[in-house]
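Close look at the chain arrangement
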Amino acid sequence: MAAKSQSRAAHVQLGEVLRHLQLIQSAVVVAVAALRHQNCELDVDISNVLQRSVADRIQDQIERLEALSGPRGRS
């Protein structure tokens, strides 16, 4: 019974981490869109770095965690 309880607690924590990563990713996506909308040459470079170095890497981690969490962890 203790193992099942620990497994459930780990599953809940994993879900929380996924939600936090998704919120961070959303913030980065909004920043990228705002920078691109400003249409300044340097802002485009910054937005590309954010997209490729932050948002894309976060998405990779979200997908890995979702695969570990199983069907119940997916929203």
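For the structure, check the block above.
Summary of the structure given here. (Residues numbered from 1 in each chain as written. Predicted model: local features only at pLDDT ≥ 70, side-chain atom pairs only at ≥ 80, totals over all residues. Heavy atoms only, no water.)

Description of the pattern of salt bridges
Within the structure shown, the criterion is met by one salt bridge. A salt bridge links Asp 60 to Arg 57; the nearest nitrogen and oxygen atoms lie 3.0 Å apart. Of this pair, Asp 60 and Arg 57 both sit in helix H2 (residues 41–69), three residues apart, roughly one helical turn. Taking the relative accessible area as the measure of exposure, Asp 60 reaches 32% and is therefore partly exposed. (Salt bridge = Lys/Arg side-chain N within 4 Å of Asp/Glu carboxyl O. Helix = DSSP H or I, 4+ residues; strand = E, 2+ residues; numbered from the N terminus. Buried < 20%, exposed > 50% of the residue type's maximum accessible area, 1.4 Å probe, protein only.)

A word on the side chain of Ser 47
Within the secondary structure, Ser 47 is located in helix H2. Among all residues touching Ser 47, those that are not within four sequence positions of it are Val 32, Leu 35 and Arg 36. (Contact = heavy atoms within 4.5 Å.)

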